[in-house]
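Chain residues, written in single-letter form:
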Amino acid sequence: MPLLISPLMDPARLAPGTQPSLGVEGGLVLRPWRAEDAGALLEVFADPVIRRWHNRRLDDTEEARRWIQEWRGAWTAGEGAHWAVADGRSDEVLGRISLGRFVAMSGQAEVTYWTAPRARGGGVATRAVRAAGEWALAEPRFHRLELTHSVHNEASCRVAHRSGYALEGTRRRALLHRDGLHDAHLHARLRPSEPEG
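Residues numbered from 1 in each chain as written. Predicted model: local features only at pLDDT ≥ 70, side-chain atom pairs only at ≥ 80, totals over all residues. Heavy atoms only, no water.

(A) Representation of helix H5 (residues 154–162) in the model. Regarding H5, the residues found buried are Ser-156, Cys-157, Val-159 and Ala-160. Buried positions in H5, seen along its axis, are confined to an arc of 160° and lie on one side of it. H5 presents Glu-154 and Arg-162 as exposed residues on the side facing more than 90 degrees away from its buried surface. Summarising the contacts, the buried residues of H5 are in contact with strand E5 (108–115), helix H4 (124–138), strand E6 (144–150) and strand E8 (180–190). Immediately beyond the C-terminal end of H5, within one or two residues, lies Gly-164, with a positive phi of roughly 90°. (Buried < 20%, exposed > 50% of the residue type's maximum accessible area, 1.4 Å probe, protein only. Helix = DSSP H or I, 4+ residues; strand = E, 2+ residues; numbered from the N terminus. Arc of directions from axis to C-beta. Contact = heavy atoms within 4.5 Å.)

Set out below in structure tokens:
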């Protein structure tokens, strides 16, 4: 059945070759995950704050390696972009940023992120979310990036605001956590309109 409208994005633009590494202000880099990051990933998921806001647990390094393999495969399949947020000098993993739930028809993606306990409070998440968003709007040319978090996750709300994601509203009872359903804030960042003509 023919479409009456054309997709806003060419799906082939979602994974144009090798996943890039992105420089981030303050000496950070967003780089593809590597198998040797499994230990750092396992350590982060032992943190109570991470466990509070995530619905998956990580039990061992072999499972961590499988997650990393899945994240790398998502890029190859054109279904997601997952980066480790690393210190540009030491290469220490400080966090994670990802783009997922790609919708080529409307040019949308969802942003998710976390920060390792030792890296919190220094703007790591804000800088990473901002950099990934700038890349997503400029390179594969997404039109809309969404970010959702529980209304009780005040740290995520601050990151969203500081990285340019406007609060659009509250989705009632939209997120299921271990303590039940939470209302969720919906934030979004749009690609600037281009002049007509």
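(B) Up close: the pattern of salt bridges. Counted under the stated rule, the structure contains 15 salt bridges. Of the charged contacts, one joins Asp-91 and Arg-31 as a salt bridge, the two residues approaching to 2.9 Å between their closest N and O atoms. Of this pair, Asp-91 sits in the loop between strand E3 (81–87) and strand E4 (93–103) while Arg-31 sits in strand E2 (residues 28–32); the two residues are 60 residues apart in sequence, bridging distant segments of the chain. Taking the shortest distance from any N to any O, the salt bridge between Glu-134 and Arg-189 comes out at 4.0 Å. Of this pair, Glu-134 sits in helix H4 while Arg-189 sits in strand E8, and the two are 55 residues apart along the sequence. Here Glu-134 falls in the partly exposed class, since its relative accessible area comes to 42%. Taking relative accessible area as the criterion, Arg-189 reaches 17% and is therefore assigned buried. Sharing partners across several salt bridges, the network here consists of Arg-31, Arg-34, Glu-36, Asp-37 and Asp-91. (Salt bridge = Lys/Arg side-chain N within 4 Å of Asp/Glu carboxyl O.)

(C) Looking closely at the sheet that holds E6. Spatially, the eight strands line up as an open sheet ordered E1-E2-E3-E4-E5-E6-E8-E7, and their pairing is mixed. Whereas interior strands pair on both sides, the edge strands pair on one side only; in this sheet they are strand E1 (22–24) and strand E7 (166–177). Each strand axis lies, on average, 30° off the axis of its neighbour in the sheet, ignoring direction. Here five bridges tie E2 to E3, and the two strands are oriented antiparallel to one another. Pairing of Pro-32 across the sheet is with Trp-83, part of E3. Along the sheet face, H5 touches E5, E6, E7 and E8 and points at about 10° away from the line of E8. (Pairing = 2+ DSSP bridges. Axes fitted to C-alpha atoms, helices over the stretch in contact; angles between N-to-C directions.)

(D) Focus on the pairing of E7. Across eight bridges, E7 lies against E8 in antiparallel orientation. Paired with Arg-171 across the strands is Ala-184, a residue of E8. Connecting E7 to the antiparallel partner E8 that follows it, the hairpin turn spans two residues.

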